[in-house]
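Chain residues, written in single-letter form:
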Amino acid sequence: MENFKKVIKRRMHFAAGFNCLAVVFISFTGYRQDVLAIVSGNISDMIRGFQTGVFIGLQLFMVIFITKYKKAINSEDSLKKLYIEENDERKKLIRDKIGGTGLNFIIGSAAAAVVISGFFSETVFITLLAVLMFIAMVKGFLKLYYRNKF
Amino acid sequence: MRTRIQELRKKYKLSQEELALAVGVTRQTITSLECEKYTASLVLAYKIAKYFDLPIEEVFDFSEVEEL
């Protein structure tokens, strides 16, 4: 359990670090549009709104994770429950069946590509966004299917 | 795979949650085992049998496997 506690602490640091980066990104894209205009011309409001929305959404997720992890660190029962939740063999099987790790990596990369492409081309942005949504939907359907199967 | 988990649980007046916590899995895994949707790994089968203080073959029905 001590090792798991260390892993949880590391994740909390990562989440806090990500939140700081997100704040920098949101403030930069919100207030320094003059700098961005040099790179991307006149970036559409829809894209800027999407980028800000993604980062705010991710920040909320990180805050939820940090709260959950803090609770787990302070109570042995919660820590055990969280450990079981993450290491349950049926869940691991489902994750393996849908290629969870690989899909998560693809979704993360596609999301980063969507945000970056937003600065350069609206067409590429929308195409990548459609791809990202399709992958996320496939993952969701597969997860539902295997949860019902096993 | 057929199991006697539900029967044993009722005998010892255990909830799925309590058994799950004792053997280190989620409640849903115990449900799946009882509904014969999921086959336990060797380690989980061992833990469950040990928890009820019974040999594995008395908790899990291996007749389907023996037929192969």
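Thresholds applied
- Residues numbered from 1 in each chain as written.
- Chains lettered and ligands numbered in written order.
- Predicted model: local features only at pLDDT ≥ 70, side-chain atom pairs only at ≥ 80, totals over all residues.
- Helix = DSSP H or I, 4+ residues; strand = E, 2+ residues; numbered from the N terminus.
- Rg over C-alpha atoms; globule rule 2.2 N^0.38 Å.
- Contact = placed C-beta atoms within 7 Å.
- Expected span 1.5 Å × (residues − 1).
- Buried ≥ 20, exposed ≤ 12 C-beta atoms within 10 Å, placed from the backbone.
- Nonpolar A, V, L, I, M, F, W, Y, C, P; charged D, E, K, R; others polar.
- Domains from an automatic or database assignment.
- Axes fitted to C-alpha atoms, helices over the stretch in contact; angles between N-to-C directions.
- Parallel < 35°, antiparallel > 145°, perpendicular 65-115°, else oblique.
- Left-handed = near helix turned anticlockwise from the far one by under 90°.

## Concerning the overall build of chain A
- A tally of regular secondary structure across chain A gives seven helices and zero strands.
- Starting at the N terminus and ending at the C terminus, chain A contains elements arranged as α-α-α-α-α-α-α.
- The C-alpha atoms of chain A give 19 Å as radius of gyration, which overshoots the globular expectation for 150 residues (15 Å, by more than 25%).
- Principal-axis analysis of the C-alpha atoms places the extent of chain A at approximately 50 × 35 × 20 Å.
- Contacts in chain A between residues at least 24 apart in sequence constitute 71% of all its contacts with a sequence separation of at least 6.

## Re the environment of L132 of chain A
Residues and elements named next belong to chain A.
- With respect to the helices and strands, the residue L132 is situated in helix 7 (residues 122-149).
- Sequence separation between L132 and M46 is 86 residues; the distance between their C-alpha atoms is 17 Å.
- Among all residues touching L132, those that are not within four sequence positions of it are I107, A110, A111 and V114.

## Some points on helix 1 (residues 2-31) of chain A
- Taking 1.5 Å of rise per residue, the 30 residues of helix 1 of chain A would be expected to cover 44 Å, and the 44 Å separating its terminal C-alpha atoms lies within 8% of that figure.
- In terms of burial, helix 1 of chain A is largely open, as just two of its 30 residues are buried.

## Comments concerning the interface of chain A and chain B
- With eight residues of chain A in contact, the opposing surface of chain B contributes 10 residues.
- Elements represented by at least two residues in the side of chain A that touches chain B include exactly helix 4 (76-87) and helix 5 (89-98) of chain A.
- Looking at the side of chain A that touches chain B, the element that brings in the most residues is helix 5 of chain A, giving three residues.
- Here the residues of the side of chain A that touches chain B are counted per class, giving two nonpolar, no polar and six charged.

## Looking at the domain arrangement of chain A
Residue and element names in this part refer to chain A.
- In terms of domains, chain A is made up of domain 1 (1-87) and domain 2 (88-150).
- When each unit is reduced to the centre of its C-alpha atoms, the spacing between domain 1 and domain 2 is 18 Å.
- Across the contact, 12 residues belong to domain 1 and eight residues belong to domain 2.
- Only helix 2 (33-40), helix 3 (45-74) and helix 4 provide two or more residues apiece to the side of domain 1 that touches domain 2.
- No other element matches the four residues that helix 3 contributes to the side of domain 1 that touches domain 2.
- Residues of the side of domain 1 that touches domain 2, tallied by class, amount to seven nonpolar, four polar and one charged.

## A closer look at the packing of helix 6 (residues 100-117) of chain A against helix 7 of chain A
All names here are of chain A.
- Between helix 6 and helix 7, the least distance of the axes is 9 Å, while the angle of their chain directions is 160 degrees. In terms of orientation, helix 6 lies roughly antiparallel with respect to helix 7. Crossing geometry of helix 6 relative to helix 7 is assigned as left-handed. Judged by residue contacts, L103, I106, I107, A110, A111, A113, V114 and S117 of helix 6 engage V124, F125, L128, L129, V131, L132, I135, A136 and K139 from helix 7.
- In the contact of helix 6 with helix 7, the residues fall into 15 nonpolar, one polar and one charged.

## Digging into unusual backbone geometry
Residue and element names in this part refer to chain B.
- Although it is not a glycine, K13 adopts a positive phi angle of roughly 50 degrees.
- Overall, K13 belongs to the exposed group, with 7 C-beta atoms counted inside 10 Å.
- If you check the backbone angles, E36 has positive phi at about 60 degrees while not being a glycine.
- Mapped onto the fold, E36 is located in the loop between helix 3 (27-34) and helix 4 (42-51).

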